[in-house]
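# A structural walkthrough
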Amino acid sequence: MADKVKVGFLLLGGCAGCEMSVVDLSEKLVDALAHLEVVFWAPTAADVKYNDLEAMEDGFIDVAFVDGMVRLDEHIHMAKVMRKKAKTLIAFGVCAALGGTAGMSSLHSKEDLFAKAFKNTPTTDNPDGVYPQPSCLVDGKYDLTLPVYEDKVRTLNQIVDVDYYIGGCPPHHSHVGAAIGALLSGQMPPKGSWITNGKAVCDVCDRNPAKKGDNLSRAMVTKVLRTVDGTPDTDICLLQQGYICFGPITQGDCGGSCLNVNIPCRGCGGPIPGIEDYGAQALSSIASILKDDTVSAQLMEKYPNLAKFFYRYALPSGTLPKRM
Ligand code: SF4
Ligand code: SF4
Ligand code: SF4
């Protein structure tokens, strides 16, 4: 048998849910492990240290899956180390690919975020505003250090060269299976591609009016609702009912998971091919189907922070933050 493919997993600033999607492969993972050798998985699964990665020869890892966004100087350092050690680097999940939900924090100053997290919450007792410091001398002799908190969230490709992208928060396990299948067969898409089946969420959604032969796919939205306003009809396209759904512009590898539980698509799958700026496209797509100014005003009333609404998963990757 040919040598096993050496894979590594590295979590930056994220919740490790992406890595759970690897485990969700269940029996398929068992089959794949006959062909894969996991040589690094930190800091979540394996008893390894960052030093172990630094000590590897450059290019030792065939494929690295890197999940989580970049916010700390430690993330920047480790992303650069992994880039050197891996022949192929995959931005794994929407945090690494587009910044993820944590990317919305870039709309606030570092000072405001620290005050919110370490001083002003109802359960925090910190009247002097003592915040974490990169370096701190304890008892006059122990120099303790913490990673530096950078000013903004960044995507993986704003730090290192990225070969492929996988969407989702977390990625559906089919994404992971497709990536591993493509790796093992040597049939990876062109560098820079998203690993996706190429279908939008609307393409896999049973409510799609076009699938029912209705000519409603271009009907204008006449009101805006949130799911707290009522329970959507499970047979009718959510957009046609007024629930803002990003299915038309989002990759549908999840199989429309949210639609299956009567929730609009929020866009975690990442953009369908051809879209450069997810949030800008979401804004443009939705604005173009609102019937009139009254409906636009309803949207702004229902979603007071439109930047966070449209860029929920993608703010650091968009043009908006670059202009702020
Ligand atoms: S993409 Fe989602 S699941 Fe993955 S690390 Fe980020 S928040 Fe967690
Ligand atoms: S907009 Fe949403 S509800 Fe309508 S067809 Fe697309 S995914 Fe389904
Ligand atoms: S329906 Fe949209 S938000 Fe929900 S899992 Fe799929 S891509 Fe993500």
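Preceding block: the structure.
Cut-offs and rules
Residues numbered from 1 in each chain as written. Chains lettered and ligands numbered in written order. Predicted model: local features only at pLDDT ≥ 70, side-chain atom pairs only at ≥ 80, totals over all residues. Heavy atoms only, no water. Phe/Tyr/Trp six-rings, centres within 6.5 Å; stacked < 30°, edge-to-face > 60°. Helix = DSSP H or I, 4+ residues; strand = E, 2+ residues; numbered from the N terminus. Buried < 20%, exposed > 50% of the residue type's maximum accessible area, 1.4 Å probe, protein only. Salt bridge = Lys/Arg side-chain N within 4 Å of Asp/Glu carboxyl O.

### Examining the packing of aromatic side chains
Overall, the coordinates contain 13 aromatic pairs when judged by the stated rule. Geometrically, the ring pair formed by Phe-9 and Phe-65 is stacked, given 5.1 Å between the ring centres and 20° between the ring planes. Note that Phe-9 is positioned in strand β1 (residues 5-11) and Phe-65 in strand β3 (residues 61-67), a separation of 56 residues in sequence. Measuring from centroid to centroid gives 6.4 Å for Phe-246 and Tyr-278, while their planes differ by 75°, and the two rings are edge-to-face. With Phe-246 in the loop between α9 (238-241) and α10 (257-260) and Tyr-278 in helix α11 (residues 278-287), this residue pair connects regions lying 32 residues apart in the sequence. Using a relative accessible area of 4% as the deciding quantity, one classes Tyr-278 as buried. In textbook terms, an aromatic cluster arises when at least three aromatic residues are bridged by ring pairs, as seen for Phe-246, Tyr-278, Tyr-303, Phe-309 and Phe-310.

### Regarding the pattern of salt bridges
A full pass over the atoms with the stated rule returns eight salt bridges. Measuring nitrogen to oxygen at the nearest pair gives 3.5 Å for the salt bridge that ties Glu-150 to Arg-154. Here Lys-191 and Asp-161 are joined by a salt bridge, their closest N and O atoms 2.7 Å apart. Taken together, the positions of Lys-191 in the loop between α7 (173-185) and α8 (201-204) and Asp-161 in the loop between β8 (149-154) and β9 (164-166) put the pair 30 residues apart, joining distant regions of the chain. The class for Asp-161 is partly exposed, based on a relative accessible area of 45%.

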